[in-house]
Amino acid sequence: KPRHPDAFYGMMKVTAANLAHDYFRRPRPPMTDVDPFIPDSHSGPASIEREILLREIDDILSEMATPLAARDREIFWLYYRQGFTAQAIAAIPCYKLTTKGVESILYRLTCYVRERLVEKKLNAPKPKARSEGIPPPNTLNTSEGQL
């Protein structure tokens with residue numbers, strides 16, 4: 001029973017504070033196999049690189065030619081971009097999956113994306129060390145007035 005006219009507001013304040021504490025105490029998702037490929041910064045060149053990388057990952061996922069590729073791609077982004085847990089994704093009725101099924105899809109896609117990113121990095125053209133036509137510094141002959 002409330003004993004003070006403002007007791008409801010006090011109860012509301014305590015409830016809100018407890019809710020905020022619970023939110024910030026919740027465990028953070030562990031670092032995944034894809035996270036090392038994604039820079040952390042949210043501004044400047046790192047942000048641009050992050051967007052390019054996310055687009056590359058989405059292109060890799062879009063290339064998959066399996067009957068359930070669209071569903072798997074949605075699940076991948078729900079987990080990695082939206083922060084859904086495997087259990088929360090399994091609770092979405094249209095997917096008709098168990099938590100273990102969602103985890104299996106995420107594992108398979110993460111391995112696939114990682115392999116494709118490594119392949120792409122290995123097959124990328126190597127930048128030239130020096131511009132053509134300019135000799136290395138140790139071959140310059142300055143004693144004769146030449147560069």
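Preceding this paragraph is the structure being described.
Comments concerning the nonpolar core
Working step 1: Ranked by size, the top nonpolar core spans 21 residues in total, and within it Ile57, Leu61, Ile75, Phe76, Val102 and Val113 carry the most contacts.
Working step 2: Of all the secondary-structure elements, those providing two or more residues to this core are helix H2 (45-63), helix H3 (69-80), helix H4 (86-90) and helix H5 (99-123).
Working step 3: The element that contributes the greatest number of residues to this core is H5, accounting for six residues.
Working step 4: Not counting the four nearest positions on each side in its chain, Ile75 is found in contact with Ile89, Tyr95, Leu97, Val102, Ile105 and Leu106.

Regarding the side chain of Asp72
Working step 1: Relative to the helices and strands, Asp72 resides in helix H3.
Working step 2: Apart from the residues lying within four places of it in its own chain, the contact partners of Asp72 are Ile105, Arg108 and Leu109.

Comments concerning unusual backbone geometry
Working step 1: Phi is positive for Lys96, which is not a glycine, with a value near 50 degrees.
Working step 2: One can find Lys96 in the loop between H4 and H5.
Working step 3: Relative accessible area serves as the criterion here: at 75%, Lys96 is assigned to the exposed category.

Thresholds, definitions, all that
- Residues numbered from 1 in each chain as written.
- Predicted model: local features only at pLDDT ≥ 70, side-chain atom pairs only at ≥ 80, totals over all residues.
- Heavy atoms only, no water.
- Core = buried A, V, L, I, M, F, W, Y, C linked by side-chain atoms within 4.5 Å.
- Buried < 20%, exposed > 50% of the residue type's maximum accessible area, 1.4 Å probe, protein only.
- Helix = DSSP H or I, 4+ residues; strand = E, 2+ residues; numbered from the N terminus.
- Contact = heavy atoms within 4.5 Å.

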